[in-house]
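Survey of secondary and tertiary structure
Okay, here's what each chain looks like letter by letter:
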Amino acid sequence: MNGIANIASELRAVTGGKVLERVLMSGYTTMKVGGPADALCVPADTDDLCKSLDFVESRRWPCFTMGAGSNLIVGDGGIEGLVILMRGTMDSIEIEGDTVRAGAGCALTKLVHEAAREGLSGLEWAAGIPGTLGGAIAGNAGAFGSDMAAVVVEAKVRIRGGSIENWNNRELGFAYRNSSITADAIALDAVLKLNRADKLEIQKRMKEIMEKRKAAQPLGEASSGSIFKNPAGSSAGRIIDELGLKGKKRGGAMLSHVHANFIVNTGKATASDVIGLIDEIRREVKSRRGVDLEPEVRIVGRETMK
Ligand code: EPU
């Protein structure tokens, strides 16, 4: 975009964080695909994030905020304007009794382990989920019968335009893999209510969860987790598996042999390989089963380089 050199240099004068130019997003997504963002900023802390967003909005620059990139596919043409990365920053954890307040950039796994160390139960299901607390809230991450909706009491939310509000659990609008956290309302931090429990029991449960995950999901490979949401009362993975589609390839993208609702990057996949494979699977499931699969992953950015 025009004036990108200005974005980076003007932003450097405002933020106390880090600003990089022409950054390949493949390095910031767990699927390891995606072209360049014009600029990428890692704010120093929450105040710095808010200050940077105020500035970016006053300049009307396109801006995309993201966490760990674990549920995200960025197009090969990259992202126009600025990406604000909330991973590796804003990751404080404060524990008081059975209540935890943590920053949106906090890695979910760090939170899970910290809670376990304190003898707090309620997050064991999240052991091994790659992602930030903010991303987990936005997508209402869940597994093994629980989800973020079950533990989040409230979150501090910055609304586009600059106001900051506390949203309680109801206002966060949690639904299956969905919430009211959007590009226009970003979670800054959250309060979680957990339960006191035996530390050894918590650790045992976390180990069980990790073992189940390892057995059922291609954890060692580059992926974005589940590609599709489960249709009501059914399972996307089971449907795709029953159609014999495991191992289906498009370029370097392949439908995992371990779990049919995972696409893995076998090494040299492009975003267009991944997105093309998603489309192919959707079409095949629709024509052979009459089911409309809805992607769980977010697909953002330009398809091709300008
Ligand atoms: N199945 C198959 N073949 C496959 C995969 C699954 O037949 O290749 C069958 C399984 O045997 C099982 C059913 O499908 O009967 C459901 O599979 P699984 O237990 O693996 O759970 P899932 O519904 O595919 C959901 C979440 C996961 C979460 C697991 C564990 C969604 C879209 N996915 O998967 O979340 O880890 O449950 O609770 O809701 C994610 O959101 O990224 C994610 C990984």
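In this report, we go over the structure that sits alongside the text. Bear in mind that the values here come from a model prediction, so they are computed numbers and not experimental data. (Residues numbered from 1 in each chain as written. Predicted model: local features only at pLDDT ≥ 70, side-chain atom pairs only at ≥ 80, totals over all residues. Heavy atoms only, no water.)

1. A closer look at the site of the ligand
In the neighbourhood of the ligand, 21 residues make up the surrounding shell, with Phe144, Tyr176, Asn230, Asp241 and Ala260 lying closest. Take Ala260: an N or O atom from its main chain is 2.8 Å from an oxygen atom of the ligand. The side chain of Glu296 places a nitrogen or oxygen atom 3.0 Å from an oxygen atom of the ligand. In the complex, the protein chains occlude 72% of the 820 Å² of accessible area that the ligand would expose alone. For the shell around the ligand, the secondary structure elements donating two or more residues are strand E9 (142-143) and helix H6 (236-242). Here the shell around the ligand takes 3 residues from H6, the largest share from any one element. (Near = heavy atom within 4 Å. Polar contact = N/O pair within 3.5 Å; in protein donor to acceptor, adjacent residues only side chain to side chain. Areas by Shrake-Rupley, 256 points an atom, 1.4 Å probe, with all protein chains shown as cover. Helix = DSSP H or I, 4+ residues; strand = E, 2+ residues; numbered from the N terminus.)

2. Details of the side chain of Asn261
Looking at where Asn261 falls in the secondary structure, it is placed in the loop between strand E17 (253-255) and strand E18 (263-265). Polar side-chain contacts of Asn261 include one of 2.9 Å to the backbone oxygen of Phe228. When neighbours within four sequence positions are excluded, Asn261 is seen to be in contact with Gly225, Ser226, Ile227, Phe228, Asn230, Ala236, Gly237 and Ile240. (Contact = heavy atoms within 4.5 Å.)

3. Side note on the sheet that holds strand E5 (residues 79-85)
Read across the sheet, 4 strands follow the order E1-E2-E5-E3 without closing on themselves; strand pairing throughout is mixed. Bordering the open sheet on either side are strand E1 (18-24) and strand E3 (63-66), each of which pairs with just one other strand. The sheet shows a mean angle of 30° between the axes of neighbouring strands, taken without regard to direction. In this sheet, strand E2 (residues 36-42) lies alongside E1 in antiparallel orientation, the contact comprising 6 bridges. Within E2, the residue paired with Lys18 across the bridge is Val42. (Pairing = 2+ DSSP bridges. Axes fitted to C-alpha atoms, helices over the stretch in contact; angles between N-to-C directions.)

4. Here we look at the nonpolar core
In terms of nonpolar packing, the biggest core is built from 37 residues, with Leu111, Leu123, Met148 and Leu192 touching the most fellow members. Mapped by element, the contributors of at least two residues to this core are strand E7 (99-103), helix H3 (108-117), helix H4 (133-138), strand E11 (152-159), strand E13 (185-193) and helix H5 (199-216). Here Leu192 is in contact with Asp98, Thr99, Val100, Leu111, Leu123, Leu133, Val151, Val152 and Val153, once residues within four sequence places are set aside. Membership of the second largest hydrophobic core comes to 24 residues, among which are Met31, Ala236, Ala260 and Ile263. (Core = buried A, V, L, I, M, F, W, Y, C linked by side-chain atoms within 4.5 Å. Buried < 20%, exposed > 50% of the residue type's maximum accessible area, 1.4 Å probe, protein only.)

5. Notes on unusual backbone geometry
With a phi angle near 45°, Arg22 is a residue other than glycine that sits in the positive phi range. Structurally, Arg22 can be placed in strand E1. Of note in this structure, Lys32 is not a glycine but carries a positive phi near 60°. Lys32 gets classed as exposed once you look at its relative accessible area, which sits at 52%.

6. Some words on the environment of Ala138
With respect to the helices, strands and loops of the structure, Ala138 is situated in helix H4. Among the residues examined, Ala138 registers a relative accessible area of 24% and is labelled partly exposed. A sequence separation of 110 residues divides Ala138 from Tyr28, and the C-alpha atoms of the two residues are 18 Å apart. Residues within four places of Ala138 in sequence aside, it is in contact with Asn178, Ser179 and Ile181.

7. Examining the packing of H3 against H5
Following both chains from N to C, one finds H3 and H5 inclined at 150°, their axes separated by 9 Å at the closest point. One way to sum up the angle between H3 and H5 is to call them roughly antiparallel. Taking contact as the criterion, the partners of Val112, His113, Ala116 and Arg117 in H3 are, on H5, Lys199, Ile202 and Met206. For the contact of H3 with H5, the residue count by class is 4 nonpolar, 1 polar and 2 charged. (Parallel < 35°, antiparallel > 145°, perpendicular 65-115°, else oblique. Nonpolar A, V, L, I, M, F, W, Y, C, P; charged D, E, K, R; others polar.)

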